[in-house]
Amino acid sequence: MSNSYTQIHIQFVFAVRYRTAIIDPEWKERLHQYITGIFQANKHKMLQINSMPDHIHIFIGMRPHQSISALIQNVKTESSKWIKDQNLCSYPFAWQEGYGAFSYSKSQVPDVIRYIVNQETHHQKITFLDEYRKLLTMFDIEWDERYIFKKLE
């Protein structure tokens, strides 16, 4: 089987620097479209994207021709630059250092899509930090609280 048909289903989660709630509902769909374009330009398939004011969830079918770290660095750099160039944010916009990358089987794809679509409802019950800790625990990832999120200095 050719690598061009291989897809790995990965959910990426990352926060706005200091978890500042500055992704505005007025422009978040444009941000989603822009980020989707970056993934498509890199030959990956966008399955679902949604953001809250302080973080974003991106679920893709990833082709193995590119490293995860290179892809996410590209997405964060280009989307931050785009937000600045479009003057969408009155504060200096930047993504927090680091990200979560969680892989799923094909059978889990519909559930992950539903989970990401329902972020607004989901976050009425659970904070982003608790959600992220839950993902890390669910995927049996060891972490040190000091390195997950930087506090405002």
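The following refers to the structure shown. Along each chain, residue indices are assigned from 1 in the same order as the chain's sequence is written. Local features in a predicted model are, by the rule used here, given only for residues with pLDDT of at least 70; side-chain atom pairs are given and counted only at 80 or more, and totals for whole chains, interfaces and linings are based on all residues. Side-chain calculation: all heavy atoms of the structure are included, whereas hydrogens and water are not.

Quick word on the packing of aromatic side chains
In plain terms, the rule: In this analysis, rings of Phe, Tyr and Trp, with Trp reduced to its six-membered ring, are considered paired at centre separations within 6.5 Å, and the interplanar angle assigns stacked below 30 degrees, edge-to-face beyond 60, and tilted for intermediate values. The numbering of helices and of strands both runs from the N terminus, where a helix is a DSSP run of H or I of at least 4 residues and a strand a run of E of at least 2. Throughout, exposure labels follow a simple rule: accessible area from a 1.4 Å probe, protein chains only, divided by the maximum for the residue type, with under 20% read as buried, over 50% as exposed, and the rest as partly exposed. Put simply, a charge is over a ring when the Lys NZ or the Arg CZ is close to the ring centre, within 6 Å, and near the line of the ring normal, within 35 degrees.
Applying the stated criterion across every chain, the model contains 7 aromatic pairs. Ring centres of F14 and W95 lie 4.9 Å apart, and the angle between their planes is 85°; on these two criteria the pair is classed as edge-to-face. Here F14 is found in strand β1 (residues 8-15), whereas its partner W95 is found in the loop between α2 (68-85) and β4 (100-104), with 81 residues between them in sequence. With relative accessibility at 2%, the residue F14 sits in the buried group. Taking the centre distance of 6.3 Å and the plane angle of 75° together, the rings of F102 and Y132 count as edge-to-face. Here F102 is found in strand β4, whereas its partner Y132 is found in helix α5 (residues 128-138), with 30 residues between them in sequence. Among the aromatic residues, ring-to-ring pairing joins F12, F39 and Y99 into one connected group. Taking the ring centre of F14 as reference, the NZ or CZ of K76 above it sits at 5.1 Å.

A closer look at the pattern of salt bridges
Stated formally: By salt bridge we mean one thing: a side-chain nitrogen of Lys or Arg within 4 Å of a carboxyl oxygen of Asp or Glu.
In this structure the tally under the stated criterion is 2 salt bridges. Residues D85 and K81 are paired through a salt bridge, measuring 2.9 Å at the closest nitrogen-oxygen approach. Taken together, the positions of D85 and K81, both in helix α2 and 4 residues apart, correspond to about one turn of that helix. The shortest N-O distance in the salt bridge between D111 and R114 comes to 2.5 Å. In this pair, D111 and R114 are both assigned in helix α3 (residues 109-117), 3 residues apart and thus about one turn of the helix distant. Owing to a relative accessible area of 47%, D111 belongs among the partly exposed residues under this scheme. Judged by its relative accessible area of 46%, R114 is partly exposed.

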